[in-house]
Structure formats: C-alpha cells, structure tokens
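Examination of the molecular architecture
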Amino acid sequence: MNIRPDISETAIGCGSAPVLRERGQREVFCGLTGIIWLHRKIQDAFFLVVGSRTCAHLIQSAAGVMIFAEPRFATAILDERDLAGMNDANDELDRVVARLLERRPDIKLLFLVGSCPSEVIKLDLSRAALRLSQAHMPRVRVLNYSGSGIETTFTQGEDACLAALIPTLPAAPANAPPSLLIAGALADIVEDQWLRTFAALGIGPVHFLPPRRANDLPPVGPNTVFLLAQPFLNDTARALEERGARYLPAPFPLGVEGTTLWLKAAAQAFGVDDALFDKVTQPSIFRARQAIKRHSATLSGRRVFFFPDSQLEVPLARFLARELDMELVEVGTPYLHQTHLAHELDLLPAGTLLSEGQDVDRQLDRCRLQQPDLVVCGLGLANPLEAEGLTTKWSIELMFTPTQGYEQAADLAELFARPLNRRARLKVA
Amino acid sequence: MQLTVWTYEAPPHVGAMRIATAMEGMHYVLHAPQGDTYADLLFTMIERNGKRPPVTYTTFQARDLGGDTANLFKDAARDAYERFKPQAMIVGASCTAELIQDDPGGLTQALGLPVPVIPLELPAYQKKENWGAAETFYQIVRTLAGPAASAGAKRERAAGARPRCNLLGATALGFRHRDDVTEIRRLLERLGIDVNVVAPLGATPSDITRLGEADFNVVMYPEIAGPAAQWLQRTFGQPSTKTVPIGVSATVEFVKEVAALAGVDPGPLLSAEGSRLPWYSRSVDSTYLTAKRVFIFGDGTHALAAARIAADELGFTVVGLGTYSREMAREIREAAAKYGVEALVTDDYLEVEARIAELHPELVLGTQMERHIAKRLGVPCAVISAPVHVQDFPARYSPQMGFEGANVIFDTWVHPLMMGLEEHLLAMFRDDHEFHDEAGPSHLGKTAQKPAAVAEAITVKPATPESIVWHRDAETELKKIPFFVRGKARRNTEMFAQTKGLPLITVETLYDAKAHYGR
C-alpha cells in the first residue's frame, strides 16, 4: 500500500536541491541535553550520566540551573582515580548506583547515559547495564545509551534513549490487531488531544513512546505501524523496523498542513475513508487557521534565518514559509535526514538555502550580511545577535513548548511572532 | 566516581573562560567536543553579555578520533588568530580532549603566531572552576608581566607621585564583581590612591604587562587572584591586601590597610559617613534580629565575610558555616571554631541539604543551591555567593564590598525575614485563619507561604528514639511552636527526656526542656 500523502500542487520542492555542508565549529548542545525533558516525561525513570564535571554542569546550566523538585537525573563524575585505574570503574559505578537506588526507592527504570569521556576511555556501559539489571531486577530495570557530544547532537540524545528502550518493548503477537505507535516525546496535552482525534477516526489502539510510566511499555510487532512525531528519530525508527513495525512516512505534525498530512498517513494505513477524515479534521483545521491568522500580519513577508539546533528546522521552516508566508533566508540543521525529511523537503519553496553541519563564524558572517528579520538560534548566540540589532528566537524553547498538532499551531506561530512584537513595543534602544 | 546532583563549581576550563571573557583582546582556543559549547550560554544568558565569549572550540567528533585531531586543533587556532586578531591567546583542553593528549600548547607554538600564546594545563578530573580561573590568571600574569621584571623594572615611586595599586580578581560571571570594582574604585579615589590596572575584568594583555608599575595589589577575591598576587609580590615586591572588604568592620580594616600600604591618611574617609548598617542594626526595630539562627554556605571568601557580618553586625547566631572551596578549608574551620560550630567543607549538595534540615536555621545565607533547599524546607534565604543565576546580575547597582555593599547586604538579608511585631502576633494567635502557624512573612505575599512538601522520597527527619512516647497534649502544644523551630524543639525535648530517663513526654517535659535549653 502506498501511503505517501498527497502533496499540495503549489509545492515546488527542495528534494534534490544542493545542500551547503559545513565542517567547522559547531555551536550546539550534545545529546545529554535531552535528559532535561525526558526525565520529566517518563515519571519513574532516572538518568545517570557517567561522565565529567562538565557533563553535570552542562545539564544543570541548560536546564536553567534549577528545577524546583529534586531532579531525576544526576552525574557519576569520573575522577583521576577512575582514569588511572586505581579504582575499578565498574565497582565504582555499582557503588554509586546502589547509593542512588537506596535514596530513590521510586525509581523503576535507570538509564546509564554515556558521555564523551566515558566513550573515549571505552567504559562499556551496556555490560554495566546488564550486570546492574541482574542485580536490581525486578525492582529496577537498567538500560544504557550514549548522549556523548562526539556522537550525538542535542535531540539525538532522545533518539538514542528511545532506541535503547525498543528491545525491551513487549512483543505483540503476529495475529494482534493493527496498532499505531507514535514515537517521540510529546507534551501530555498533545498526546491526549491526539488520542481523541484517533478515537474519532476509529484508529486504535494507539500507544506512545516514550510512555509516561516506565512499566507501560507499548507492545510492538508486525502489525504495528508507527508515525514519528519528531524528525530526529533515525535510530528509533530503525530499531522499530527491526521489531517488525512499519514506518508511515509523512511530514511532521507542525502547523495545520503538517498535522493534516501526518494524521492522513495514519488514516490511510487504517483505511479511514476521506469523508470521515474530513469530518473529524475540518473543524480543527478551521479553528487552527483562524488562530494562526492573528500572527500573519506580524510574520508575513518577514525573512527568517535558522541556525542549526534541534533538527526541527526543516519542518519549522516549511510551516513558516507555507502557512505564514515567511521568506527563508537560510535553513541550517545539524543533520539532514533525507529519508525522514523527504516529504518536508518536497514542501519547501524551491531555491531555499539548506545547510547541514556548521562553521559558526562563517554562518554568523552570512547571517549579518543578510540582515534577516528573525534569527532562530541557540542560547549562546541569541543575546550577542540581539546586541547587534538582530531579532532572535531561541530555539530551545521550541523543544520545551507544546507545538505539535492543530490546537498548538497558533502557539507555534506566536513563538516566532513574540520577538518581533516585543521589538515593536519597546521604545528604549 | 562521585554521585552529583548539582555541582557548585564548573570544570576548570570554565574558570579559564571566565578570565578570557572578562578581558579584552584575549582569545581562548579550547580543544573540546561540541557539547562543551554550552558554556557560552553562561555568559550570554546568565550574565546577559552582548558579546560571545572569545572562545573557539575545536568541536571534534567521534569520527575525528581515529584521524588527526591535532591538525584540527592547529587549524582552529590559526583560523581564530586570523579572524579575531587577539593581542594574546590562551590554549588548552577540556575534560575529553585531556584524554586524547594532543598538547594544544606545543601545537600552537609550532604555528609561530605573532602574539604571545599561553598554554594552560587544567586537570579536569582533579580540579574545578575557581582553581582553573586562578591558574589561568596566574599564567597570563606571569607570561605577560614577566618581561618587565626581567628588564629590571623594579619601580620606586617618584616623590610627590600619587600612590597606585592594581585591583585583582574580578572576572566574568562573578558574584557582583562588576559593582564591587566600582565600589572599591570609589573608596580608593577618596583616599587619593590611583588604580593602575583592574584585572582580569576589562584588562587587555597590554594592560597586564603594566601590572608591575603599581605600588601594591588589592586582592579582591583570593580564590582567583591569590596565586597571581603572590607571584607579583615575589617578582615586583608588591605587597597585597589581606582584608576582603565585605561588611562594615572589614571595610574599615581594609581602608586602614590600603592607607598604610599607600602611605595616606585614612582619617577623613573613616570619619565621613560610612554605611547605614550600624545604625539600622542598632535601631530598636531590629531587636527581632537578635540571635536569629543562620546557616551559611558559599565560596570561602563570601562565607567567611557572611559569618562575621551575621555575628558581629546583625547580632545573629551562626549555627552552621561551610564552603565548597576546599582551597579555603583551613580559614573556614578556624572561623567555625570561633562561632562554636562544626565546619562543613564539601561539594556534595546532598550533604549540605541534610545539614540544613538537621540544624533548622531561621535564615539560610547560601548560593542558588541553598536557596533551592531553603525554599523546599520553608526557610527564608538570601544569596551571598556564586554559583550565579540570572537574578545575581541585578540591573541596579548592588555591590557586596565597601560601605554601599554593607547597605545592600543589610537589605538583602533582612528582607526575607518576618518583621518584628508580626512574629510576635503570629506566636500569640497562631490559630488565626489568615495569620496562622505556617503563614510566611506578609510582606512577601502568598508565594512565601507554606513550605512545599519535602521533595519526592527524601527523608531527612531524625527519628524519635523508640523508647520515648509523646503525650497527645504535648504533641498539640508542640504544634503551637512556629514551624521553623519546631523540629529543633522536638529534638531538644527528646534529648532532654532521654538524658532524664523519662519514657513519656508531657506538656511539663516540653517546658522543662524549653527552660533547660532556653537562650
């Protein structure tokens, strides 16, 4: 069955356009950063980074320094005795994990998260996870993944985490009825909205990965089809396919158009007829378009420049170009996954400058030369660019805010409109 | 391997970044993977700098490890020089690059750049942020100011020339460093002492070469400027100040100390109006501050100063004193002994949390970490030290040092507390539905009310000895004691009952214990 959704006729497409590939200084977070939202999403999971003081400091700084409740993450900081072999790193890890589990009896799932130093000294966390699982089962399951900055960029940490969960998912029997799995951490409210939409379409059962509770792992098998809710889930998708699940290619559910095509991919896989699909989605589409319209006066015709950050850049650019008439100056992304982004690239205006990787100083030169109306960039660059007179939207907020689906489409537009509104309000230079 | 929930200090290369970012015309080339670029946001977001830190990261990846990471470093260093044209460069490695041993110093020397290049060895698995800042500043000073010394430039002040000093230790991302520099400059100006160089904050490499021209050094933050000041003393015979002017008494001592070093008369300055703190503290409305039980934790310099101010200038009782600066453990232990408390020298946040819970202070003076703990325990808190938060960079002028610093400290510490008569009313009418037991200070609004439930599964409550039972009436009476001292009252009563061999605690026992332990 071909479930590739129809592409709107106005699309010209960027599918085969040349991409500017850069290899210089990258100004992006490493994969450890994903812990900031993952530890809130899976409510009884704990993330133990095995790394250096830098890792500990990165996570607490990126998290805005303080989260009020005691966080469900920590770092086992390697010291010189661990490196010099005076301590057996595995014994040390066992001791740290025992202390942690004693302190936090609520933990059901523990992730050992690899870092740059643990990768370089080749500390085998998969063996450690196996050993610790045997020691602490059935109370706690121990898994591992790498969030190291030499292997992962920002959101790839979530990909690695979800991929590590997949071998532990229960197997759905070969004769199980078709089920839909949605991969990618989402705000609870977005999940709840979609559960209602899928129920109205008659699609079910629907499961989410990651689950809110460590023991509510979704079953997976040959009758599972899955949608990606996020564009950075390369390894997760592959691992799901290895479990027999089938990927439903679609654009990503950002904006009205993305959400419709994404839902449509599921509807077609489950044989939902067009009349029902329209009946269920039309009111939401209408409402979302009305809400988005409020921001078009601010955004329409404005020129936007994306620095690479979360891999959400291409879907976001598509949304801004097609639903808000913004002009794309450059769309930078840390990694351009051609397969998962195929539908997105087809929807981008022809001639869009795409860049992959980064050489931050050269990219800043291009940005200054172009003087865009809005720059989407990371926290390290935002204030310096503001001080130069450019208007910025810091991109990490796009990860921390519910933005997917119809009801959030206008909120997403508002995130881009706010810096421009703010600049217009301020009468101080 | 150490289990760490929050860390007080960053790794040492972030200390080096604080020096480089404080300076002008300096550039730092750091061999580090991409994740380490997070450190830029400390400066651009927390401190709201309008410029990127002057740091180039090599951002090597796994695929580079098999290949030539050394060349990657050389390219980065060469490109950084070409693009930024700094007057001098510092080069080094972060934790991961330390493991691959590429020798950034040697690689950069080989490039033959036309500016001084200062290699840094900052052992990331052993040392921390403040040490890294101190070592970096020391290496910069030694390398750049050294040539003047070997040229035999030991200076004598010309007759009639005004005395000159350097202000050392202020960095980027420091706790109120910017305003402290302004305040100390003003004090020195009033004494007739010129400032030769302020460093590292605002200094260029060429300013550093002139450090030897001063008569003496003001060491503002010993954790950072200590090693450099010692070297300057050895090399140029410049004495250093020992007093850190935080608090009224310390400021007066500081004025006398610099006046003596400079050979000027401190009299006019000291007889002019100083801080409002002494009068505010003596004024009768401050009576309610008497013997408030305070717990103090921070970097060495600020914790020591806070303890002295708390005890001598506000009339508090210091019930706990600690630091995460192991470099200053000895000084902290001496001070703690003076206040009759056990010093807490640790960088383990969990240990600090347990100690605060155990001591039941009425006020916590700490870092953002302790603010976090205090909020959870429902205890008022004021922040006295780094690690910093965006709130520690207020828009208004708010130094910690000098007479104005003492004014700022008086306001900052007293504000979170319950005002005098309010505390009495609360004690008298504690069942009042608006003005009850767990109400916070009314001037802080609703948000200050009720301590949040102690977080998820953390139990720090000391257990009641099993042999002792509380009578119901005594339990009820205990609840009438304000919540922030209730734990202490419970423990004292139980301790009293245990020493007296009483199996049942009655209302009478409660009051006997109160009389026994009373202030």
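Conventions and cut-offs
Residues numbered from 1 in each chain as written. Chains lettered and ligands numbered in written order. Predicted model: local features only at pLDDT ≥ 70, side-chain atom pairs only at ≥ 80, totals over all residues. Heavy atoms only, no water. Helix = DSSP H or I, 4+ residues; strand = E, 2+ residues; numbered from the N terminus. Buried < 20%, exposed > 50% of the residue type's maximum accessible area, 1.4 Å probe, protein only. Contact = heavy atoms within 4.5 Å. Phe/Tyr/Trp six-rings, centres within 6.5 Å; stacked < 30°, edge-to-face > 60°. Buried area = accessible area lost by both parts, 1.4 Å probe. Salt bridge = Lys/Arg side-chain N within 4 Å of Asp/Glu carboxyl O. Polar contact = N/O pair within 3.5 Å; in protein donor to acceptor, adjacent residues only side chain to side chain. Axes fitted to C-alpha atoms, helices over the stretch in contact; angles between N-to-C directions. Parallel < 35°, antiparallel > 145°, perpendicular 65-115°, else oblique. Nonpolar A, V, L, I, M, F, W, Y, C, P; charged D, E, K, R; others polar. Pairing = 2+ DSSP bridges. Left-handed = near helix turned anticlockwise from the far one by under 90°. Domains from an automatic or database assignment.

1. Describing the overall build of chain B
- Counting its secondary structure elements, chain B contains 22 helices and 15 strands.
- When burial is assessed residue by residue, chain B has 59% of its 519 residues classed as buried.
- Partitioning the intrachain contacts of chain B with sequence separation of at least 6 by distance along the chain shows that 71% fall at a separation of at least 24.

2. A short note on the packing of aromatic side chains
- Tallying each qualifying case throughout the model produces 16 aromatic pairs over all chains.
- Pairing Trp37 of chain A with Phe400 of chain A gives two aromatic rings, centres 5.9 Å apart and planes at 65°, and the pair type is edge-to-face. Here Phe400 of chain A lies in helix 16 (residues 396-400) and Trp37 of chain A lies in helix 1 (residues 35-41), a separation of 363 residues in the sequence.
- Overall, Trp37 of chain A belongs to the buried group, its relative accessible area being 11%.
- Classification of Phe400 of chain A as partly exposed rests on a relative accessible area of 38%.
- A ring pair is formed by Tyr8 of chain B and Phe297 of chain B, whose centres lie 5.3 Å apart and whose planes are at 50°; its orientation type is tilted.

3. Remarks on the interface of chain B and chain A
- Contact residues are listed per partner, giving 62 residues for chain B and 68 residues for chain A.
- Summed over both sides, the interface between chain B and chain A buries roughly 5,800 Å², with carbon and sulfur atoms accounting for 60% of that surface.
- The three residues of chain B that bury the most area against chain A are Met1, Leu3 and Tyr125 of chain B, which together make up 17% of that side's buried surface.
- Taken together, the links from chain B to chain A amount to seven salt bridges.
- Residue Glu27 of chain A is joined to Arg52 of chain B by a salt bridge in which the shortest nitrogen-to-oxygen separation is 3.7 Å.
- Seen at the junction of chain B and chain A, the total is 24 residue pairs in polar contact (both at pLDDT 80 or more).
- Of all the secondary-structure elements, those providing two or more residues to the side of chain B that touches chain A are strand 1 (2-4), helix 2 (40-46), strand 3 (55-57), helix 3 (62-65), helix 4 (69-84), helix 5 (95-100), helix 16 (349-359) and helix 17 (368-377) of chain B.
- The element contributing the most residues to the side of chain B that touches chain A is helix 2 of chain B, with six residues.

4. Overview of the packing of helix 11 (residues 248-262) of chain B against helix 18 (residues 402-414) of chain B
All names here are of chain B.
- Their axes nearest at 9 Å, the elements helix 11 and helix 18 cross at an angle of 175°. When the axes of helix 11 and helix 18 are compared, the pair comes out roughly antiparallel. Across the interface between the two elements, Val248, Thr251 and Val252 from helix 11 touch Gly402, Phe403 and Ala406 from helix 18.
- Tallied by class, the residues present in the contact of helix 11 with helix 18 amount to four nonpolar, two polar and no charged.

5. With respect to the sheet that holds strand 9 (residues 246-247) of chain A
Residue and element names in this part refer to chain A.
- An order of 7-6-8-9 is seen for the four strands of this open sheet, with the pairing classed as parallel. Two strands close off the open sheet at either side, each with one partner strand: strand 7 (206-209) and strand 9.
- Contacting strand 6 (179-183), strand 7 and strand 8 (224-228), helix 8 (residues 188-201) crosses the sheet at an angle of about 155° to strand 7.
- Along the sheet, helix 10 (residues 255-269) contacts strand 6 and strand 8; its crossing angle with strand 8, the most-contacted strand, is approximately 175°.

6. A word on the packing of helix 4 of chain B against helix 6 (residues 104-111) of chain B
All names here are of chain B.
- Across the interface, helix 4 lies against helix 6 with an axial gap of 10 Å and an inter-helix angle of 55°. The angle between the axes of helix 4 and helix 6 places the two elements in the oblique class. Of the two possible hands of crossing, helix 4 and helix 6 adopt the one that is right-handed. Seen from helix 4, the contacting residues are Ala70, Phe73, Lys74, Ala77 and Arg78; seen from helix 6, they are Pro104, Leu107, Thr108 and Leu111.
- Here the contact of helix 4 with helix 6 is built from residues that sort into six nonpolar, one polar and two charged.

7. Brief notes about the domain arrangement of chain A
Residue and element names in this part refer to chain A.
- Domain parsing of chain A yields domain 1 (4-27 + 291-428), domain 2 (31-152) and domain 3 (179-272).
- Domain 1 and domain 3 are separated by 25 Å when their C-alpha centres are compared.
- Contacts between the two partners involve 31 residues from domain 1 and, on the opposite side, 30 residues from domain 3.
- The tally of links between domain 1 and domain 3 comes to one salt bridge.
- We note a salt bridge from Glu257 to Arg322, for which the minimum N-O separation is 2.6 Å.
- Here domain 1 is connected to domain 3 by ten residue pairs in polar contact (both at pLDDT 80 or more).
- Broken down by secondary-structure element, the contributors of at least two residues to the side of domain 1 that touches domain 3 are helix 12 (313-323), helix 13 (342-347) and helix 17 (406-425).

8. Some words on the sheet that holds strand 7 (residues 194-200) of chain B
Residue and element names in this part refer to chain B.
- One open sheet holds the three strands; their spatial order is 7-6-8, and the pairing between them is parallel. Each edge of the open sheet carries a strand with a single partner, namely strand 7 and strand 8 (216-219). Neighbour-to-neighbour, the strand axes of this sheet turn through a mean angle of 25°, independent of strand direction.
- The strands touched by helix 10 (residues 222-236) within the sheet are strand 6 (164-170) and strand 8, with strand 6 carrying the most contacts at an inclination of about 140°.

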